Amino acid sequence: MLKVMLQKIWHKKWMVICLLLGSILLIATVVSFPLYRNASYDRMLVDEFDDYLAEKGEWPAMLKFMIMVQKDKNGETIGKMEKTLNELDGVLGVTGKEKVFYYSLSRAELASTTGRSDVDADGLRLGFMSGLPEHAKIISGRMFCDGGMDENGVIEVVVSQECLINNNLLVGETLEFLYMADKKGSPFRIKVVGVFEEQDSTDFYWQVRPSSLGIVALTDEQLFRDTFLGERAEKYTITCYYYDLFNYEDVTAVTANNLYDKTVYYQEQSGVKSTMSAPVYREIMERYFAKRTRIEATLFILQVPVLVLLGAFLFMISGQMYDMERNEISVMKSRGGSSAQMLRLYLYQSIFLAVIGAAGGIPLGAQFCKLLGSTQNFLEFNVRRRLNVTFDATVWKFAAGAMLACVLIMTIPALKHSRLTIVKLKQSNALKKSALWEKLFLDVILLGISLYGYYNYSKNKEMMVMSVMEGQSLDPLLYLSSSLFIVGMGLLFLRLQPWVIRLVYLLGKRFWRPASYAAFMENVKNGRKQQFIMLFMILTISLGMYHAVVARTILQNAKENEEYLVGSDILIKEVWTKTPSNSSNPNAGGPAFIEPDYRKYSSMPDVEAYTKVYSDASASFKTKDKGQMGCTLLAIQTKEYGLITDVSEEITEKAYRLYLNELATEPKGVLASSNLRDSLGFKIGDEVAYKDKYGTTIEAKIIDFFDYWPGYQPTSLVTGADGTAQKQTNTLLVANLATVQKKIGVYPYEIWAKLKPGCDSTNVYAWIRENDVHVNKFRDKAREMEQVVRDPLLQGTNGVLTMGFIVTIILCAVGYLIYWIMSIRSREMVFGVLRACGMHKGELFHMLIDEQLFSGVLSIFAGIGIGTLTSRMFVPMLQMAYAASNQVLPMKLIVNQTDMNRLYVVIAGVMATCLLTLLILVLKLNVTKALKLGEE
Amino acid sequence: MGENANYIIEIQNVGRTFNTASGPFQALKSVNASIPEGVLTILKGRSGSGKTTLLNIVGALDQPTTGRVIIEGQDVSRLNDYQRETLRRKKIGFVFQSVSLIPTMNAFQNVEFSMRMAGVKGDHKKRVEECLKMVGLGSRMHHMPSEMSGGEQQRVAIARAIAHGPSIILADEPTAELDSAMAAEVTKLFQEMTKKEHITIVMTTHDVGLMDAGDMVIELENGVQISQNAEA
Ligand SMILES: Nc1ncnc2c1ncn2[C@@H]1O[C@H](COP(=O)(O)OP(=O)(O)O)[C@@H](O)[C@H]1O
Ligand SMILES: [Mg+2]
């Protein structure tokens, strides 16, 4: 049996290679899903932690405990606590980064042994901080010696600068505790041997900064433990701080659950719960888990169409292969082979192929996964950002499932054939009547469902956005309706195509040259056999197009929106200090500030232009009926502002610059958001009065209305206390900075800057640091854009769509070629007859081209048409679900011509290869040999 | 160029050697024959004797290694591929041993197709019907090849071979898949056609019973012509 099978496989090697390719791709695609999911979840969590770190400058992966122990008998409480803490990392399943134990005795009075009276040491706490010598830098004196006690029994301590000053201490001085004595009864003595500070101020060891150790003298840990802990602990009140920092980089999707559960346990149930502060990472993780659910559903649904195509490909090729074996099968049958035997043969063959498929597909899946993770944009990869691929049990489960699916798909077409006998073969060769789907009107039904989905969503756009905002995952029907639409349209095309061909045929019935005539006949009579490959072509091409447009649109819109929302390349807001209360206040209603030096900004590197922007989110109008209405005031310097910001003309009523010109020529003028006109009935030329946040009234004249302004969101969705999303209208007034400042005075403004082309913010950062600019707010557009692209949902979507696009293109190319080459080979005898009847080579070629035209080319065009239509209809719907909460700009459908060209080039390549094969076949066709084929 | 204008087909010293994996194989050795217009020639011999090879050469489907074939006074071996194909579609009708119909066309369309190929002007429909009636298939014009028996298919092939009015019909074992009664009928049909339409027909057969039907018999054995007897 094995020999028969291997022989069969060798005989049909091209088909088998295609089947292998299909199985490999199918298994790889399936496997890449859990692989990517785990890997991206790993990274997503790390990214979340990273973001927190970057934003707050604090290590997020940390647990903090504090306990004050009084009269601890034999030090049991502290002992238990320490035991728990030492086990902590193991239980959480993390690797420790830093563990800091910081213990101190309660404040105790001291006196200088030299009798210096101005020593102010009535409040020092003696303590230790584990690992201090490794992390501290001595700025005066030295570190305490090993063991912490000198030969005279004096405890050596180090203190911070603050402590030294606060307590008026001197380095080298020995002090004596007034009321604290050792076992023998002699008072403890300490000697300040040095002053320390952070060796590296960014070191997360410094959870307690030296600057806040104002009354603490630190000594050696072991000495402290020997002297004050254990059985001696009973005598003291000891305050213990524990900081457990772990490496969040090591937390994976798999270990995250345990980490979270154990954290919750420690926080809510364990014996140490009362000593623990709420960890910041709990919230980070909760956000992460919620995101994860949404991503999982989305990515899976996005992969379904590609999986279906892969299945269809396998089904088609194996069907084709069995078709070619029809004769062999019926011969075997007539020699007494049973159906069961045949079926078993095919089953073994499928299993054999699936096993090889898995051997190739699983490693390929890992590669896919890496590729997915490095997707930067549609069909763009960033090789530096690679994912770690780890295989866990789920991956193997997915692989096994995919193998089983492969085996089934490849064996099912054999079911039909194994029952064939010669008689049945003859019968089934006769042309069949309409296909089942035609009778069932499947095309109409599918279109109906998808259009219903389309209609439903077009009607409920807003509700949909809100539900996404409330954290629900995307409705699968949304994806499904676009896929169903494609399939429905494809089937509809198949229903209509024969009629079109027939019509063309009838129109020129008398004039068709033999070649076209033969091609028509082939299509009219044999067209049904080609329906599957035609549908396959339509699906691959339209899905490919649709995927490309979806990916581009989602990402591009998200980026443009972010660009709009951020407004300028760089935004800096300095820390302003208030003027001493006794000086005169130049400001009208609010506090007076000292304006930082503005001229220094001219030395900012890599900057093309910069300007002052004053914004006040709490300005207000007094209206006739609605009372006080809040609005945002933006005061700008029009000329500079115009150099720095821009709004695409595509969306504004008139050019953005014109608005700025209007404002420049009218000092008292304000530009108002159009919703002020709509809700308050303002008109151009109206004199209005508004108040700033300190209550100063400013008179103004409305000179124009706008819909979009850099950074302005006309409406926003806010999540209410009950978790439901609510729409909120935002209004904006844009005024001249000079006018506003003249009226209300100078308040802290922001600096908006535009970078020179090709520059990033690195040098600006450096400039800020070098010049000691105290920044209270800093926005970097490039960084925020980066975050948008990095969003796992967007990136995963992009990755899956990119991969889907590549897989569909491969399938489309291979499927079409193998189908045509095989089906044309099987007609070699007919070609022989035609040539014998005197058909020229050119005519034969012409005939085959016509056949391609009627089915292949027509379905390619249908695919392109359906793809375009589907994109126009469904992409806006899909995009909405991604953009959700802060989408301001109207959706733009992005059809990237390069993507389309790629698709066309592949199709053209396929067609060219196909034609070349046909040409070779025609040229090589040996008429007498072909005719002999019929003689057996 | 033709030495004798009375002969429509002249086979002069035709030999054919095939290059096979086991060295050259001579399938035909110096065959000579002159066939006059309007006769039915039977090419007989056992299987493998070279009948099909010779017929293919006469029909300009294959070229002889030695010698030449002259059709209507024209040396076929001097024609290029294109001219030979044109010769085939205008002057010659083929009937092959097994199925030679185009599976995607029905009987009518198959017959009409040869007229289309030959570029016959005028009313195709009448001529097709006439031809199909001639082979006794007037009632099955719109059947597909797959819906007909082997004999019926063969008769359609004959109708197709004559429809465009060729001067020569070459039939390779047209009776091989027919029962003896049917075979006799087909042969009779050929005889009638030579008489009525003045067509020259060459058919091969290994059926001993049909040998006498021809006006002329050429016998081959292992590629060697062993006899040619033209009827007196
Ligand atoms: N293309 C070919 N290559 C090699 N040998 C061939 C080829 N065609 C025919 N032959 C051989 O030439 C001999 C004559 O064949 P053929 O003319 O088909 O015989 P017949 O038609 O009389 O049965 C056979 O032995 C056959 O094997
Ligand atoms: Mg033969």
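Residues numbered from 1 in each chain as written. Chains lettered and ligands numbered in written order. Predicted model: local features only at pLDDT ≥ 70, side-chain atom pairs only at ≥ 80, totals over all residues. Heavy atoms only, no water.

## Digging into the overall build of chain B
How we decide: Every helix listed is a DSSP run of H or I at least four residues long, and every strand listed is a run of E at least two residues long, numbered separately from the N terminus. As defined in this context, the radius of gyration uses C-alpha atoms, and a globule is described by 2.2 Å times the residue total to the power 0.38. Each residue gets one of three labels from its accessible area relative to the maximum for its type: buried under 20%, exposed over 50%, partly exposed in between, using a 1.4 Å probe on protein chains only. When checking whether two residues touch, look at their non-hydrogen atoms; a contact exists if any pair is within 4.5 Å. Per-residue and other accessible areas were derived by the Shrake-Rupley procedure at a 1.4 Å probe size, with only the shown protein chains allowed to occlude residues.
Secondary structure summary: chain B contains six helices and 10 strands in total. The C-alpha atoms of chain B give a radius of gyration of 17 Å, which matches the 17 Å a tight globule of 232 residues would have. The burial tally for chain B puts 57% of its 232 residues in the buried class. A separation of at least 24 residues holds for 71% of the contacts in chain B among residues at least 6 apart in sequence. Of the roughly 9,800 Å² of accessible surface on chain B, a fraction of 48% belongs to carbon and sulfur atoms.

## Describing a nonpolar patch on the surface
Residues and elements named next belong to chain A. Worth spelling out the cut-off: In this analysis, a patch consists of residues with relative accessible area above 30% that form no salt bridge, clustered at 9 Å for like charges and at 5 Å for the nonpolar side chains Val, Leu, Ile, Met, Phe, Trp and Tyr. By definition, a salt bridge exists where a carboxyl oxygen of Asp or Glu is found within 4 Å of a side-chain nitrogen of Lys or Arg.
On the surface, Leu 436, Leu 440, Phe 441, Leu 442, Val 444, Ile 445 and Ile 449 cluster together into a nonpolar patch covering about 640 Å² of accessible area. Among the secondary structure elements, those contributing two or more residues to the nonpolar patch are helix H12 (436–440) and helix H13 (442–459). Among the elements that line the nonpolar patch, the one with the most residues is H13, at four residues. Relative to the helices and strands, Ile 445 resides in helix H13.

## Details of the site of ligand 1
The condition is simple: Any residue with at least one heavy atom within 4 Å of a molecule or strand is counted as near it. Counting of polar contacts relies on pairs of N or O atoms within 3.5 Å, with two restrictions inside protein: one atom must be capable of donating a hydrogen and the other of accepting it, and residues adjacent in sequence are counted only when both atoms are side-chain atoms.
Taken together, the neighbourhood of ligand 1 is formed by 13 residues, with Lys 932 of chain A together with Gly 48, Lys 51, Thr 52 and Thr 53 of chain B sitting nearest. At ligand 1, the nearby residues belong to more than one chain, namely chains A and B. Between ligand 1 and Gly 48 of chain B there is a distance of 2.6 Å, counted from an oxygen atom to a backbone nitrogen or oxygen. Between Thr 52 of chain B and ligand 1, the recorded distance is 2.5 Å, taken from a side-chain N or O atom to an oxygen atom. Across the complex, the protein chains shield 73% of the 550 Å² of accessible surface that ligand 1 would expose by itself. Residue contributions to the shell around ligand 1 peak at three residues, all from helix H1 (residues 51–58) of chain B.

## A few points about helix H24 (residues 792–825) of chain A
For clarity, the threshold we go by: For a helix, the expected span equals 1.5 Å multiplied by the number of residues minus one.
Counted at 1.5 Å a residue, the expected span for H24 of chain A with its 34 residues is 50 Å, and the 48 Å between its end C-alpha atoms agrees. Counting buried residues in H24 of chain A gives 29 out of 34 residues, a clear majority hidden from the surface.

## Remarks on the interface of chain B and chain A
Convention followed: We define buried area as the total accessible area lost by two parts upon association, computed with a 1.4 Å probe and summed across both. Here the term charged refers only to Asp, Glu, Lys and Arg, the term nonpolar to Ala, Val, Leu, Ile, Met, Phe, Trp, Tyr, Cys and Pro, and the term polar to all other amino acids, Gly among them.
The interface is formed by 29 residues belonging to chain B together with 29 residues belonging to chain A. Contact with chain A buries surface across chain B, with Arg 89, Thr 104 and Arg 116 of chain B losing the most and accounting together for 24% of the total. Where chain B meets chain A, there are two salt bridges. For the salt bridge of Glu 843 of chain A with Arg 89 of chain B, the shortest nitrogen-to-oxygen distance reads 2.5 Å. Remark: the boundary between chain B and chain A carries nine residue pairs in polar contact (both at pLDDT 80 or more). Of all elements in the fold, only H1, helix H2 (81–91) and helix H3 (107–118) of chain B reach the threshold of two or more residues within the side of chain B that touches chain A. Broken down by element, the residue count for the side of chain B that touches chain A peaks at six residues, all from H2 of chain B. Taken together, the residues of the side of chain B that touches chain A sort by class into 11 nonpolar, nine polar and nine charged.

## Some details on the domain arrangement of chain A
For clarity, the threshold we go by: Just so you know, the domain bounds were taken from an automatic or database domain assignment.
Domain annotation for chain A reports domain 1 (62–246) and domain 2 (576–773). The C-alpha centroid of domain 2 of chain A is placed 52 Å from the C-alpha centroid of domain 1 of chain A.

## Considerations on the packing of H3 of chain B against helix H4 (residues 124–134) of chain B
Residues and elements named next belong to chain B. Worth spelling out the cut-off: Axis angles are defined between N-to-C directions and span 0 to 180 degrees, where every axis is a line fitted to C-alpha atoms and, for a helix, only to the segment in contact. In these notes the angle categories are as follows: under 35 degrees is roughly parallel, over 145 is roughly antiparallel, 65 to 115 is roughly perpendicular, and the rest is oblique. Left-handed describes a crossing whose near helix is turned anticlockwise from the far helix through less than a right angle; right-handed describes the clockwise counterpart.
At a minimum axis separation of 9 Å, H3 and H4 run at an interaxial angle of 120 degrees. Between H3 and H4, the angle falls in the class oblique. Where H3 crosses over H4, the two elements pack in a sense that is right-handed. Contacts from Ala 107, Phe 108, Val 111, Glu 112, Met 115 and Arg 116 in H3 reach His 124, Lys 125, Arg 127, Val 128, Glu 129, Cys 131 and Leu 132 in H4. Along the lines of polarity and charge, the residues of the contact of H3 with H4 split into seven nonpolar, one polar and five charged.

## Concerning the pairing of strand S19 (residues 687–691) of chain A
Walk down a regular strand and you will see the side chains alternate between the two sheet faces. Residue and element names in this part refer to chain A. So the rule is basically this: For two strands to be treated as a pair, DSSP must find no fewer than two bridges joining them.
Because side chains alternate across S19, one face comprises the buried residues Val 688 and Tyr 690, and the other comprises Glu 687, Ala 689 and Lys 691, none of which is buried. Examined bridge by bridge, S19 and strand S20 (residues 697–706) share five bridges and lie antiparallel to one another. Residue pairing across strands places Tyr 690 opposite Ile 698, the latter belonging to S20.

## Examining unusual backbone geometry
Among all residues save glycine, negative phi is the norm, and among peptide bonds the norm is trans. Residue and element names in this part refer to chain B. The backbone of Ser 30 shows a phi angle near 45 degrees, a positive value even though the residue is not glycine. We note that Glu 72 has phi near 50 degrees; this positive angle belongs to a residue other than glycine. For Glu 72, the location among the structural elements is in the loop between strand S4 (66–71) and strand S5 (74–75).

## A few points about the packing of aromatic side chains
Residues and elements named next belong to chain A. Where we set the bar: Whether two aromatic rings pair depends on their centres lying within 6.5 Å, for rings of Phe, Tyr and Trp, where Trp uses its six-membered ring; planes under 30 degrees apart make the pair stacked, over 60 edge-to-face, and the rest tilted. Put simply, a charge is over a ring when the Lys NZ or the Arg CZ is close to the ring centre, within 6 Å, and near the line of the ring normal, within 35 degrees.
Throughout the structure, instances matching the rule amount to 55 aromatic pairs over all chains. Where Phe 485 meets Phe 874, the ring centres are 5.3 Å apart and the plane angle is 50 degrees; that geometry is what we call tilted. Within this pair, whereas Phe 485 is found in helix H15 (residues 476–507), its partner Phe 874 is found in helix H26 (residues 841–883), the two being separated by 389 residues in sequence. A residue is classified by how much of its surface remains accessible, and Phe 485, at 3% relative accessible area, is buried. By way of ring pairs, the aromatic residues Trp 576, Phe 593, Tyr 598, Tyr 601, Tyr 610, Tyr 614, Tyr 694, Tyr 747, Tyr 749 and Trp 767 are connected into one cluster. Looking at Lys 97, its charged tip hangs above the ring of Trp 59, at a distance of 4.3 Å from the centre. The residue whose ring lies beneath Lys 654 is Tyr 659, and the NZ or CZ to ring-centre distance is 5.7 Å.

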